[in-house]
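Here's the letter readout for the chains.
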Amino acid sequence: MMQASTYPLLDASEVASLVLERTPVLGAEELPLADCWARVLAEDLVAPSDLPAFPSSAVDGYAVRAADGGGRLEVVGESAAGRPFPGPLPGHAAVRILTGAVLPVGADCVVMVEETSEHDGWVEVPTRLEAGRNFHRVGDDVRRGELVLQAGEVLGPAELGLAAALGFPRLRVHRRPRVALLTTGDELVEVGRTPGPGQIVDSNRWALLGALQEAGAEVSLLGIAPDDRVALRSLVQDALLDHDVLVSSGGVSVGSHDLVKPLLEELGEVHVGRVRLKPGKPFTFATLPEGRLAFGLPGFPVSSLVTFEVFVRPALRKMQGHRALQRPRLRVRLGYEAKAAGDRTEYQRVTLVREDGEFVARTTGSQSSSRLLSLAGAHALVRVPPGDRGIPAGAMVEAIVLSLPA
Ligand code: AMP
Ligand code: MG
């Protein structure tokens, strides 16, 4: 039976906010630093101590009193990193000091080795010495009690280093969404196999796996589901036992083999069944019991990736506690005439080229929803509003930046 879809055609912007409204932020887990990279911090980090914790030399040289400048001072010992000079600095004396070592009590300045000469246990230092030179004071970098990282910040290299320096071996971070990825279609074969008559290679699985990994998801590959109601249902039900999100490809457009929408209707509530979007009109979104989400992406390769980009990626980022859910936007000059797609907003794929101090967007060629080459190497998406006017070449438009050119 072939029947026109009864789902209302919703605007893409309406769908984007509807999806985010229904997307939960996942809870936190405590992880060792080794597993925290790129995670979102789920707690504020307050410095439990000062950094540095002791006055430490910034150079190799001699720890002295500035008031002793101009004299020959007896070198009474050494302070090396991790091996402090025991006791205070005696009067009219110097302690040889190495970078990162503790400034002895009583010293108020470090003279750089280049400005001195040492002979037979005595060192000559310049006349004018300035108290406070060449060492870091306690708390110069971080003060005890200071809020150093806030919940919601992403843990990059500097943030991880800071956490370690302050003595946190483990951090509370948001959980990553566990996503079950399923491709549907009787025509699909595994990559590496030779397709038989009418068959095609399942490429969406690998495209979506990459997109999911970039978005920070933990992905389980469920493989290919046949266009069979019972088989699909049992695969999906099993997957939902231990996943937060189901992402499927195919089986959402109108036709007798499109089984995803009715299945999601059975299991939960379908909020979106059609979007005024090109490519990606049949995009489907459902909520399932216990805060789980299901995204039914269209089968055409570009449609599945564009709808992922527009609707799924921001939701996965919200789940992980990210503050920035959207890609960065950039004003660029349109380097071609963009024709509108009638009643739908079109996300056209472009490359960006630097010309005379601005970015110019060039089309990636045919924007067919099956043509992955329109997305491969694309730097950005340009939104062309519905209607019959399009956007003239030379106009300034907002580009949704996927990556900037080198
Ligand atoms: P569907 O949404 O299931 O009707 O799929 C629409 C079209 O997308 C199919 O006719 C295929 O050409 C293509 N397609 C579906 N699934 C995949 C897939 N996993 N990999 C590549 N192309 C696919
Ligand atoms: Mg199909």
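About the thresholds
- Residues numbered from 1 in each chain as written.
- Chains lettered and ligands numbered in written order.
- Predicted model: local features only at pLDDT ≥ 70, side-chain atom pairs only at ≥ 80, totals over all residues.
- Heavy atoms only, no water.
- Domains from an automatic or database assignment.
- Near = heavy atom within 4 Å.
- Polar contact = N/O pair within 3.5 Å; in protein donor to acceptor, adjacent residues only side chain to side chain.
- Areas by Shrake-Rupley, 256 points an atom, 1.4 Å probe, with all protein chains shown as cover.
- Nonpolar A, V, L, I, M, F, W, Y, C, P; charged D, E, K, R; others polar.
- Helix = DSSP H or I, 4+ residues; strand = E, 2+ residues; numbered from the N terminus.
- Contact = heavy atoms within 4.5 Å.
- Pairing = 2+ DSSP bridges.

Moving on, we get to the domain arrangement of the protein. The assigned domain composition of the protein is domain 1 (9-27 + 175-319), domain 2 (29-50 + 140-174), domain 3 (56-136) and domain 4 (329-401). Each of domain 3 and domain 4 has a C-alpha centre, and these two points are 64 Å apart.

For ligand 1, the set of nearby residues contains 16 residues, the closest of which are Asp202, Ser203, Gly251, Ser253 and Gly299. At 2.8 Å from a nitrogen atom of ligand 1 is found a side-chain nitrogen or oxygen belonging to Asp202. Note that a nitrogen atom of ligand 1 is positioned 3.1 Å from one of the backbone N or O atoms of Ser203. Protein coverage of the free-state accessible area of ligand 1, which is 490 Å², stands at 80%. Residue composition of the shell around ligand 1, grouped by class: five nonpolar, eight polar and three charged.

Let us now look at the side chain of Arg327. Positionally, Arg327 belongs in the loop between α6 (301-319) and β23 (329-334). Of the polar contacts made by the side chain of Arg327, one reaches the side chain of Glu309; its length is 2.7 Å. Ignoring sequence-local partners within four residues, the contact set of Arg327 consists of Glu214, Glu309, Arg313, Ile400, Val401 and Leu402.

What follows is about the pairing of β23. When β23 meets strand β27 (residues 396-401), the two strands line up antiparallel, connected through five bridges. The residue of β27 that forms the bridge with Leu330 is Ala399. Sheet topology note: the β23/strand β25 (residues 358-363) ladder contains two bridges and is parallel. What sits directly across from Arg333, in β25, is Val360.

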